[in-house]
Amino acid sequence: MTTPAERPVRTLKDIARLAGVNAGTVSRALANSPLVNEETRRRIAGIAAEHGFRPNLMARRLRTQRTGVIGIAVPLGHERRQRLSDPFFMALLGQLADGITERGYDVMLSRIVPHGDDWLDDLVLSGTFDGLLLIGQSDQAAVIESVAARYRPLVVWGSALPGQVHCAVGVDNFAGGRMAGERLIARGCRRLAFMGEVRTLELIERHRGLCAAAAAAGLAPPLQLDTHLALDIMAAEIEANLDRVAGAVDGIAAASDVIAATVIEALERRGIGVPRDVAVTGFDDLPLAARSPVRLTTVRQDLTAGAAAMLSALFARIGGADAGSTQMAPVLVTRDSA
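Residues numbered from 1 in each chain as written. Predicted model: local features only at pLDDT ≥ 70, side-chain atom pairs only at ≥ 80, totals over all residues. Heavy atoms only, no water.

### Let's talk about the pattern of salt bridges
This is how it is decided: The rule for a salt bridge is simple: a side-chain nitrogen of Lys or Arg has to be within 4 Å of a carboxyl oxygen of Asp or Glu. Note on conventions: DSSP H or I runs of at least 4 residues are helices, E runs of at least 2 residues are strands, and numbering of each starts at the N terminus. Remark: exposure states derive from per-residue accessible area (1.4 Å probe, protein chains only) relative to the maximum for the residue type, with buried under 20%, exposed over 50%, and partly exposed in between.
Under the definition given, this model contains 17 salt bridges. Between Arg-270 and Glu-239 there is a salt bridge whose closest N-O contact spans 2.5 Å. Of this pair, Arg-270 sits in the loop between helix H11 (257-269) and strand S9 (279-281) while Glu-239 sits in helix H10 (residues 231-244), and the two are 31 residues apart along the sequence. For Arg-270, a relative accessible area of 29% gives the class partly exposed. Across the pair Arg-295 and Asp-336 runs a salt bridge whose closest N-O atoms are separated by 3.2 Å. Taken together, the residues span a long stretch of sequence, with Arg-295 in the loop between helix H12 (287-291) and strand S10 (298-300) and Asp-336 in the segment after strand S12 (331-333) at a distance of 41 residues. Of the residues examined, Asp-336 reaches a relative accessible area of 36% and is grouped as partly exposed. Overlapping salt bridges, with partners in common, bring together Glu-239, Asp-243, Arg-269 and Arg-270 in one network.

Shown next, in the form of structure tokens:
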């Protein structure tokens with residue numbers, strides 16, 4: 001006949017019996033709840049480790065109606081060839097993933113190329129996560145607005161516009177685009193161009209800001225040089241754009257730091273000095289901006305603060321509280337290129 005101490009340890013009740021506490025305390029201790037004092041938590045964790053006990057996560061999730069997973073999705077309706085290896089995505093993904101795992105959650109990552117208007121519904125109705133973060137609005141703002149009206153734990157990196165339903169965190173892209181334009185104009189540039197696409201809400205706003213700066217200075221509207229964000233075709237498109245406008249521009253506001261760095265390389269191959277002949281600005285202030293051979297003048301988005309704001313809003317919403325959009329102020333960082 002086995003004694004109580006010799007009985008197999010299979011459940012929370014078994015751990016509770018050995019620790020001299022109730023099963024609820026064991027559950028909280030194994031979940032690292034601050035409601036359990038450190039001494040008790042360590043004792044319970046030690047007993048669990050000694051007996052090779054692993055909590056039944058599926059049962060816990062069924063009980064709490066929580067999955068313990070946060071979804072991160074990158075919608076690419078505007079650019080089907082763009083990859084998650086893009087430096088901007090990698091920088092923000094790292095910040096978000098760290099914050100999620102520090103809260104004890106797992107991460108589910110999806111790269112979405114929409115083939116209809118039901119992609120976001122499919123995600124949020126799947127029941128595989130407790131909340132969803134979107135990196136970018138792409139050209140899917142209408143879809144996001146529709147789903148956000150009925151699914152609360154959804155937070156998006158992107159622009160926050162008046163009357164917007166979905167919770168967005170991001171920089172004031174219009175103000176950032178205007179800053180870039182004003183910097184180029186202050187340097188004496190008079191023939192401006194925007195290098196990038198204008199199919200995503202963020203980049204549309206950056207282009208609008210550049211146009212506003214040009215109009216305020218009495219300049220002609222900037223040329224819009226369509227350039228995809230996919231790295232495998234970006235360089236060739238930039239080369240073609242520069243050949244088409246050779247000598248017609250003296251200031252280029254690039255939609256991103258990656259585009260700006262690629263523009264500078266292409267200009268210098270043509271013997272065009274930066275900023276001597278053409279000044280160039282970027283957007284994002286990724287690490288590459290300060291490390292490029294010609295260091296980039298750029299508009300900073302504080303990704304650390306932005307990721308923290310996204311997570312704060314998401315977990316507030318998961319907990320049933322309300323959390324609105326956050327619009328961060330852009331910061332012009334002046335370096336060599338403009």
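After presenting the structure, the write-up continues.
### Here we look at the side chain of Gln-164
This is how it is decided: Contacts are assigned to residue pairs that have any heavy atoms within 4.5 Å of one another.
Relative to the assigned elements, Gln-164 resides in the loop between strand S4 (154-157) and strand S5 (167-171). Residue class for Gln-164 comes out buried when judged on its relative accessible area of 17%. If near-sequence neighbours (up to four positions away) are discounted, Gln-164 is found in contact with Gln-137, Glu-145, Ser-159 and Ser-325.

### Re the sheet that holds S5
This is how it is decided: Between any two strands, pairing holds if DSSP finds at least two bridges. To get an axis, fit a line to the C-alpha atoms, keeping to the stretch in contact for a helix; angles then go from 0 to 180 degrees between the N-to-C directions.
Spatial strand order, S2-S1-S3-S4-S5-S11: six strands in an open sheet with parallel pairing. Both outer strands of the open sheet, strand S2 (106-112) and strand S11 (326-328), are each paired with one neighbouring strand and no more. Across the sheet, the axes of successive neighbouring strands diverge by a mean angle of 15°, strand direction being ignored. Pairing of strand S1 (residues 69-75) with strand S3 (residues 131-135), which is carried by four bridges, proceeds in the parallel orientation.

### A short note on the packing of helix H5 (residues 87-102) against helix H13 (residues 303-318)
Selection criterion: Small angles under 35 degrees read as roughly parallel and large ones over 145 as roughly antiparallel, with 65 to 115 read as roughly perpendicular and the rest as oblique. The hand of a helix crossing depends on one turn: near helix anticlockwise from the far one by less than a right angle means left-handed, and clockwise means right-handed. Side-chain classes follow a simple rule in which Ala, Val, Leu, Ile, Met, Phe, Trp, Tyr, Cys and Pro form the nonpolar group, Asp, Glu, Lys and Arg form the charged group, and the remainder, Gly included, forms the polar group.
It is at 9 Å that the axes of H5 and H13 come closest, and there the two elements cross at 45°. Put simply, H5 runs oblique to H13. As H5 runs across H13, the sense of the crossing is right-handed. Here H5 contributes Phe-88, Ala-91, Leu-92, Gln-95, Leu-96, Gly-99 and Ile-100 to the contact with H13, which in turn contributes Leu-303, Thr-304, Ala-307, Met-310 and Leu-311. Here the contact of H5 with H13 is built from residues that sort into nine nonpolar, three polar and no charged.

### Focus: the nonpolar core
Stated formally: Residues enter a nonpolar core if they are buried and are Ala, Val, Leu, Ile, Met, Phe, Trp, Tyr or Cys, with the set joined through side-chain atoms within 4.5 Å.
Leu-96, Leu-133, Ile-135, Ile-252, Ile-259 and Val-280 are the most contacted members of the largest nonpolar core, which has 71 residues in total. The element that contributes the greatest number of residues to this core is H13, accounting for nine residues. Within the second largest apolar cluster, 17 residues are counted, among which are Ala-73, Val-124, Leu-134 and Leu-154.

### Topic: the confidence of the model for the protein chain
We count it as follows: What pLDDT expresses is the predictor's confidence in each residue, scored from 0 to 100.
With 93% of its residues at a pLDDT of at least 70, the protein chain reaches an overall mean of 89. Note that residues 1-5 has pLDDT below 50 and, in this model, six contacts with residues that lie over four places away or in other chains.

### Brief notes about the sheet that holds strand S7 (residues 223-225)
Across the sheet, four strands lie side by side as S7-S6-S8-S9; this open sheet has parallel pairing. The sheet is open, and its two edges are formed by S7 and S9, each paired on a single side. The mean angle between the axes of side-by-side strands here comes to 20°, regardless of whether they run parallel or antiparallel. Along the sheet, helix H9 (residues 201-216) makes contact with strand S6 (192-195), S7 and strand S8 (251-254), crossing S6 at roughly 175°.

### Details of the environment of Arg-335
Formally: In the analysis that follows, any N or O atom pair within 3.5 Å is treated as a polar contact, provided that within protein one partner can donate a hydrogen and the other can accept it, and provided that, for residues neighboring in sequence, both atoms belong to side chains.
One can find Arg-335 in the segment after S12. Linking Arg-335 and Ala-321, residues 14 residues apart in sequence, is a C-alpha distance of 42 Å. Not counting residues up to four positions away in its chain, the partners in contact with Arg-335 are Asp-285, Ala-289, Ala-290, Arg-295, Leu-296, Thr-297 and Thr-298. Within the local environment of Arg-335, its side chain forms a polar contact with the side chain of Asp-285, the two groups lying 3.0 Å apart. A polar contact is formed between the side chain of Arg-335 and the backbone oxygen of Leu-296, at a distance of 2.9 Å.

### Description of the packing of H10 against H11
Angle between the axes and distance between the axes are the two parameters that describe a pair of packed helices. The geometry of H10 relative to H11 is characterised by a closest axis approach of 10 Å and an angle of 50° between their N-to-C directions. By the angle between their directions, the pair H10 and H11 is classed as oblique. The interaxial crossing formed by H10 with H11 has right-handed handedness. Of H11, the residues touching H10 (which contributes Leu-231, Met-234, Ala-235, Ile-238, Glu-239 and Leu-242) are Val-258, Ile-259, Thr-262, Val-263, Ala-266, Leu-267 and Arg-269. Here the residues of the contact of H10 with H11 are counted per class, giving ten nonpolar, one polar and two charged.

### Things to note about unusual backbone geometry
Look at the link from Val-274 to Pro-275: it is a cis peptide, with omega at 10°. Take Pro-275: it is sitting in the loop between H11 and S9. Phi angles above zero are rare outside glycine, and Ser-138 is one such case at about 50°. For Ser-138, the location among the structural elements is in the loop between S3 and helix H7 (141-148). Although it is not a glycine, Asp-285 sits at a positive phi angle of roughly 60°. Structurally, Asp-285 can be placed in the loop between S9 and H12. What makes Asp-285 buried here is its relative accessible area of 17%.

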